[in-house]
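# Chain and residue survey
Residues per chain are reported as follows:
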Amino acid sequence: MAETRIWATRPEEQNAEWRKSLEALGRKVIDLPLLAIEPVQEPEEIQAIKNHILDFDQFDKVFFVSQNAVREAFNWLHNYWPQLPLGVEYLAVGSKTAEAVRAEGVPVVAGETSMDTEEILGLPQMQNVAGQKILICRGKGGYPRMGEILQSRGATVRYCELYHRRLPAEAAAKAAPLLAAGCAADVVPLFSGETVQNYIQVLEANRVSERGMVLVVPGKRVLQAAESAGFSRVVAVENATLPVMFAGVQEALRSIGAP
């Protein structure tokens, strides 16, 4: 029987803590980030961010969709707004993102349970937004549903796209010998739909058609993406917080009978 391995796939700067948690389960852990976060580089992208930051006091609400969005946005804000403008309401998708905003000394409203857009769009203060100007701080080309719903409710929505999410250039090559050894017994926690797609790219680059490994994914949308890609063994958990994903890994190990 092939050895059961667990893949640690978070961005490199976030992977060490996660890997240590997984190692406590007594399985071999593969350290292979499948997502890289890179600040935008092109002059027109930088100018677009600057324009939004300079107009920051014109927005009624500002959303942060991730911890990365908080970090990059406040790097800009500290340069242009020594004191943040009054009257702006801050919102965050997920408890970790909210913690990052609060660490900047800013009060924030957050969805604390499912970490998805549906939860935050259901909050009372999100129902009557007609005529409001809303800024969504996110990565380049992020999931559009939040903006679309807010626009349908009458808000004017702008996107401050602060970073790119990419598959690390060396990921496929680093994965090659690991995949060559067989991956049917692997448990692969993937924290987003984009990471699912990156994992598929790594498999395809190495001509691996195997889809029998057990994925652990957060939420229905990512579950649907994984199943649509042919993965039949998927453990879906409520959100992408580390404790919840860790519990999902434990469930996945039980599902394959790993001690």
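Summarised in this report is the structure supplied together with it. Here the structure is a predicted model, which is why all the values come from computation and not from measurement.

Attention now goes to the environment of Gln47. Structurally, Gln47 is set in helix α2 (residues 43–54). A polar atom in the side chain of Gln47 sits 2.8 Å from the side chain of Asn51.

What follows covers the side chain of Thr97. In this structure, Thr97 sits in helix α4 (residues 95–102). A residue is classified by how much of its surface remains accessible, and Thr97, at 4% relative accessible area, is buried. Within the structure, the side chain of Thr97 is placed 3.5 Å from the backbone nitrogen of Gln67, a separation counted as a polar contact. If near-sequence neighbours (up to four positions away) are discounted, Thr97 is found in contact with Phe64, Val65, Ser66, Gln67, Val70 and Ala92.

Each turn of an α-helix holds 3.6 residues, which means side chains three or four residues apart point in the same direction. Taking 1.5 Å of rise per residue, 12 residues should cover 16 Å, and helix α1 (residues 12–23) covers 16 Å from first to last C-alpha, within 8% of that figure. Listed in full, the buried residues belonging to α1 are Asn15, Trp18 and Leu22. Take α1 and look down its axis: the buried residues cluster within an arc of 75°, on one side only. Among the exposed residues of α1, those oriented more than 90 degrees off its buried face are Glu13, Glu17 and Lys20.

Given two aromatic rings, their pairing is described by the distance between the two centres and the angle made by the two planes. On inspection of all chains with the given rule, the structure shows 7 aromatic pairs. Here Trp7 and Tyr199 contribute two aromatic rings whose centre-to-centre distance is 5.4 Å and whose plane-to-plane angle is 80°, an arrangement assigned as edge-to-face. Residue Trp7 is located in strand β1 (residues 5–8), and its partner Tyr199 is located in helix α8 (residues 193–205); the two are separated by 192 residues in the primary sequence. As far as burial versus exposure is concerned, Trp7 and Tyr199 are alike and both buried. A network of ring pairs unites the aromatic residues Phe56, Phe64, Phe74 and Tyr90 as a single cluster. Cation over ring: Lys133 sits above Phe59, and NZ or CZ is 5.4 Å from the ring centre.

Cut-offs and rules
Residues numbered from 1 in each chain as written. Predicted model: local features only at pLDDT ≥ 70, side-chain atom pairs only at ≥ 80, totals over all residues. Heavy atoms only, no water. Helix = DSSP H or I, 4+ residues; strand = E, 2+ residues; numbered from the N terminus. Polar contact = N/O pair within 3.5 Å; in protein donor to acceptor, adjacent residues only side chain to side chain. Buried < 20%, exposed > 50% of the residue type's maximum accessible area, 1.4 Å probe, protein only. Contact = heavy atoms within 4.5 Å. Expected span 1.5 Å × (residues − 1). Arc of directions from axis to C-beta. Phe/Tyr/Trp six-rings, centres within 6.5 Å; stacked < 30°, edge-to-face > 60°. Lys NZ or Arg CZ within 6 Å of the ring centre and 35° of its normal.

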